[in-house]
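Chain and residue survey
Below, each chain spelled out in residue letters.
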Amino acid sequence: MPVAQAGGGAKKILYTLATVNRIGVAKAAKALTAHNTCKACALGMGGQKGGMTNELGEFPAVCNKSVQAQSTDIQDEIPVEVFDHPTSDFRDLTPRETERLGRLGFPVLKRKGEDRFSRISWDDAMAFAAERFQATDPSRSFFYSSGRSSNEAGFVLQLLARLYGTNNVNNCSYYCHQATGVALGSTIGTGTSTVELADLTRADLIFVIGANPSSNHPRFIHQLRACRERGGEVIVINPAKEPGLQKFALPKSPKSLLSGGSDIASLYVQPKIGEDMALFKGIAKAVLEQKGEAQDFLTHQTEGAEHYIAAIKALSWDEITRRCGVAQPEIEKLAGLYLASENAVFAWGMGMTHHLHGVQNIEEIAALALLRGMIGRPGAGLLPLRGHSNVQGIGTIGVKPVLAEDVVQRIEARFGVSLPEETGMDTMACMQAAHAGEMEAALIMGGNLYAANPNSEFAREALDRIGFKLFLTTTLNQGHFQGCEAGDVLILPVTARDEEWEPTTQESMFNYVRLSDGGIKRFDGVRPESRILSDLGQRILPDLPFDFEAFGRHASVRKAIAEVLPELDELKEIEVAKREFHIKGRLLHKPDFKTTSGKARFQVNSLPPVSSDRPFTLATLRSEGQFNSIIYEEKDSYRGTPHRWVVMMNAEDIERLGKQEGETVDLVSEAGRMEAVEIYAFDVPEGNLLAYYPEANVLTATEVDPRSKTPAFKSVKVSVDTTA
Ligand SMILES: Nc1nc2c(c(=O)[nH]1)N[C@H]1C(S)=C(S)[C@@H](COP(=O)(O)OP(=O)(O)OC[C@H]3O[C@@H](n4cnc5c(=O)[nH]c(N)nc54)[C@H](O)[C@@H]3O)O[C@H]1N2
Ligand SMILES: Nc1nc2c(c(=O)[nH]1)N[C@H]1C(S)=C(S)[C@@H](COP(=O)(O)OP(=O)(O)OC[C@H]3O[C@@H](n4cnc5c(=O)[nH]c(N)nc54)[C@H](O)[C@@H]3O)O[C@H]1N2
Ligand SMILES: [Mo]
């Protein structure tokens, strides 16, 4: 078993220094101190308070994730000679090498039947795109966005799609936090965090469930550390013993560096992958046995508590412990910490959403919080740890297949138009339709739909069957080259957030809207997404009662958003007032739930079915050196894995398979096979495996959670072939 090493600390400082050196100190300093929201996670750093400050105006330290994110943006332009190579040469590159080609500085087109991309002018590119969309039946098209684009670009994207004639509009949250939105809707009536950053400073207990913030939300670690320092507790629930969640060396704190790291988790509980629901029910059972429920709150502020409590009582300790693999005394210890807390915050990530029962997982978290009245007061509540820096904003402003009825009415009244009535499709439904040959055109704004998708072979085939793909991107990725043979593919280069010609806005995971100044000029040939979309709209929608070109200007877009979404009213003034704000009606400091009855609802769920198809359950996850499909470093400096082609496994399982660390095996699932992956011993429950995303998407399946339409990226049934 490898020795667990403290994350963060000296290594990170060295890494930051090395990255900054590579990209030039002056360039990096400008990128990091300008007033723009950080491009990495959704914690919401930066904005008007300055490059590296949070929403409380604190300036904690440089986050190396921000440096990483900037490092790809401030690369040089890709030389035009590179496009002399056929697309097959690009497919030979690793994701890291593809990203490291540089920034795309001009439009490139590859026509059906051709084997390479060539440079074309902006005018020809826009004319080509318009012609292709005009020749397509809108119901045979879809519009996808990742979560890095601005609110302004997102709003224009969805309006363009709907006026063109389709509701097939979606974003990466269908592969991310959609289960959260559904579960919070069914329990508390809103879909996002109930707490703001300031609430975290008042919490005396923070749960970190199915998330690895040491790599993915490093700034959140500061909050956890601060909670411990004031005597509070941090409970981690994660099958994998993540080194960075046990101890973390804060680069800012010399004391924590010298002593080898500060404690993060007070208690680290390791349920089996996919079996958290049993654990949550066990905690509730222990709370009830101690008569620790908030009776008054349950009676006056909630409904359905009696059914939930009856179901918990009916579930035996035997079944609970057998399913989750955590012993009763440990569950009782955990419940004891919960019972002792006055303000508990429940934070969670992809370990909760990436299952066929993702929605149920989160309904159980909500129930556990409601049981002790932990939602609807300051210092306590629910905190989904969001992914992309503006994924929440992209959803808020309507890049989703179904808009609320009142929003549709306001758009129709405001613009004098009528929107399509067919129900739009989620991301996987669009990919399935593409695979069935039913998609003629797709507009893909940011992201990497190939690498993000489960079952890579299916994804490649699906993308290849789309007649015309229009990509808007800053850098190239494998998603532009995998499945690019059969159709026409046009790639347009866009400005990064800090290069936008006009200010843009983003929404953090705390429902806080921030303003980014933009304005840095690095390349001549790139254009803002909103300009490209408004140009396209003007070309394909010449008969509108208004001029679509106005949507290339962000002040007009923000005015339109504020009129359509009254909770974003302050957006109208944000550029002038420079006043960032919380979206109305989201934070719950009082128990006024947004359900029809005004009460929070308990949902009763039975435990997920047990599948015995294959002996192992594999979770795919992120390493320290990546941002989703963008790979910065092959090794994982927290977990100690030397490269990405590894499977992390319990030491007993390695022995049982007659293998040793460092030897290789094949992983086999219904979807595919990962060959010759190196075994790496790791502290996970027996029968559980971990491997890195996106490489392991060769193994994941396209089946989705029926309620959130999210694939089970974290519970893949696999066999281990030792004969390879
Ligand atoms: N640097 C960096 N920052 C990022 C990203 C990045 O790639 N790099 N990605 C961004 C995005 S889009 C997102 S969505 C977030 C993702 O942030 P996280 O949610 O932290 O992402 P993952 O690494 O996929 O998985 C997190 C944890 O889930 C655990 N897990 C797996 N299965 C289970 C289970 O069944 N139960 C429980 N309790 N835990 C389980 C894994 O062991 C792992 O520690 O981060 C965002 N921030
Ligand atoms: N097996 C497995 N699969 C997963 C996951 C998992 O944990 N396991 N996680 C899922 C999750 S949570 C998510 S969110 C998805 C991620 O899905 P996506 O958001 O679709 O993918 P990313 O890898 O984040 O996209 C990176 C690309 O975005 C582009 N880009 C970067 N910055 C900008 C910009 O400013 N503007 C524009 N237009 N483009 C830009 C670049 O081309 C870059 O290569 O993957 C999902 N897939
Ligand atoms: Mo995500």
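Nothing here was measured: the structure is a model prediction, and the numbers come from that model.

Below, the discussion takes up the domain arrangement of the chain. Bring the parts together and some accessible area is lost; that lost area is often taken as the interface size. When the domains of the chain are assigned, the result is domain 1 (7–73), domain 2 (80–171 + 414–582), domain 3 (178–385) and domain 4 (616–721). Spacing between the C-alpha centres of domain 2 and domain 3 amounts to 36 Å. The junction of domain 2 with domain 3 conceals about 550 Å² of combined surface from both sides, 66% of it contributed by carbon and sulfur atoms. Together, Met509, Phe510 and Asn511 form the three largest contributors to the area buried by domain 2 at its contact with domain 3, with a combined 87%. At the boundary of domain 2 and domain 3, one finds 0 salt bridges. Summed over the shared surface of domain 2 and domain 3, the number is 2 residue pairs in polar contact (both at pLDDT 80 or more).

Here the focus is the site of ligand 1. Neighbouring residues of ligand 1: 31 residues in total, closest Glu242, Asp276, Arg622, Gln626 and Asn628. Backbone polar atom of Ile237 to a nitrogen atom of ligand 1: 3.2 Å apart, as the coordinates give it. Contacts to ligand 1 include Gly274, whose backbone N or O atom sits 2.7 Å from an oxygen atom. For ligand 1, whose free accessible area comes to 930 Å², the fraction covered by protein is 99%. Among the secondary structure elements, those contributing two or more residues to the shell around ligand 1 are α10 (213–216), α19 (350–353), β21 (616–621) and β22 (626–627). Residue composition of the shell around ligand 1, grouped by class: 12 nonpolar, 14 polar and 5 charged.

In the vicinity of ligand 2 there are 31 residues, among which Tyr144, Thr473, Glu529, Ser629 and Asn697 approach most closely. Side-chain polar atom of Glu99 to an oxygen atom of ligand 2: 3.3 Å apart, as the coordinates give it. Taking Gly447, its main chain carries an N or O atom lying 3.1 Å from an oxygen atom of ligand 2. When the free accessible area of ligand 2 is taken as 930 Å², the share hidden by the protein chains comes to 98%. For the shell around ligand 2, a count of residues per class yields 11 nonpolar, 14 polar and 6 charged.

Its 12 residues place the ends of helix α26 (residues 529–540) 16 Å apart at the C-alpha level, agreeing with the 16 Å of an ideal helix rising 1.5 Å per residue. Most of α26 is tucked away, with 9 of its 12 residues classed as buried. Among all positions of α26, only Glu529, Ser530, Ile532, Leu533, Ser534, Asp535, Leu536, Gly537 and Ile540 are buried. The inward-facing, buried residues of α26 contact α6 (122–134), α7 (151–164), β14 (441–445), β15 (468–473), β16 (488–493) and α27 (554–564).

It is worth spelling out the nonpolar core at this point. If you look at the biggest cluster of nonpolar residues, it comprises 59 residues, and the most contacted ones within it are Phe133, Leu443, Leu470, Leu490 and Leu536. For this core, the leading source of residues is α7, giving 9 residues. For Leu490, the residues in contact, after removing those within four places along its chain, are Val108, Leu109, Ile120, Ala125, Phe128, Ala129, Phe468, Lys469, Leu470 and Phe471. By size, the runner-up hydrophobic cluster in this structure holds 57 residues, among which are Ile283, Phe346, Met374 and Phe602.

At a minimum axis separation of 9 Å, helix α14 (residues 276–289) and helix α18 (residues 328–340) run at an interaxial angle of 65 degrees. The hand of the α14/α18 crossing is right-handed. For the pair α14 and α18, the contacting residues are Leu279, Gly282, Ile283, Ala286, Val287 and Glu289 in the first and Ile331, Glu332, Leu334, Ala335, Tyr338 and Leu339 in the second.

With that out of the way, let us pick up the pattern of salt bridges. According to the stated counting rule, one finds 38 salt bridges in the structure shown. Notably, a salt bridge pairs Arg323 with Glu275, separated by 3.1 Å at the nearest N-O pair. Taken together, the positions of Arg323 in helix α17 (residues 317–324) and Glu275 in the loop between β10 (267–269) and α14 put the pair 48 residues apart, joining distant regions of the chain. Take Arg323 and Glu275: they sit in the same class, and that class is buried. The closest approach of N and O atoms between Arg558 and Glu575, which form a salt bridge, is 2.4 Å. Residue Arg558 is found in helix α27, and its partner Glu575 is found in helix α28 (residues 574–577); the two are separated by 17 residues along the sequence. By sharing partners, the salt bridges in this structure join Arg103, Asp498, Glu499 and Arg522 into a single network.

This part is about the sheet that holds strand β4 (residues 141–145). One open sheet holds the 7 strands; their spatial order is β3-β2-β16-β15-β14-β4-β5, and the pairing between them is mixed. Where the open sheet ends on each side, the last strands, each with one partner, are β3 (118–119) and β5 (169–171). One ladder, built from 3 bridges, connects strand β2 (residues 108–110) with β16; its direction is antiparallel. From the neighbouring strand, Leu109 faces β16, where its bridge partner is Leu490.

Burial of strand β24 (residues 646–649) is two-sided: the residues Val646 and Met648 facing one way and the residues Val647 and Met649 facing the other way are all buried. Here β24 runs beside strand β26 (residues 673–681); their pairing, made up of 4 bridges, is parallel. Bridging across to β26, Val646 finds its partner in Glu678. When β24 meets strand β27 (residues 688–692), the two strands line up antiparallel, connected through 2 bridges. Residue pairing in the sheet places Met649 in a bridge with Leu689 of β27.

Conventions and cut-offs
- Residues numbered from 1 in each chain as written.
- Chains lettered and ligands numbered in written order.
- Predicted model: local features only at pLDDT ≥ 70, side-chain atom pairs only at ≥ 80, totals over all residues.
- Heavy atoms only, no water.
- Domains from an automatic or database assignment.
- Buried area = accessible area lost by both parts, 1.4 Å probe.
- Salt bridge = Lys/Arg side-chain N within 4 Å of Asp/Glu carboxyl O.
- Polar contact = N/O pair within 3.5 Å; in protein donor to acceptor, adjacent residues only side chain to side chain.
- Near = heavy atom within 4 Å.
- Areas by Shrake-Rupley, 256 points an atom, 1.4 Å probe, with all protein chains shown as cover.
- Helix = DSSP H or I, 4+ residues; strand = E, 2+ residues; numbered from the N terminus.
- Nonpolar A, V, L, I, M, F, W, Y, C, P; charged D, E, K, R; others polar.
- Expected span 1.5 Å × (residues − 1).
- Buried < 20%, exposed > 50% of the residue type's maximum accessible area, 1.4 Å probe, protein only.
- Contact = heavy atoms within 4.5 Å.
- Core = buried A, V, L, I, M, F, W, Y, C linked by side-chain atoms within 4.5 Å.
- Axes fitted to C-alpha atoms, helices over the stretch in contact; angles between N-to-C directions.
- Left-handed = near helix turned anticlockwise from the far one by under 90°.
- Pairing = 2+ DSSP bridges.

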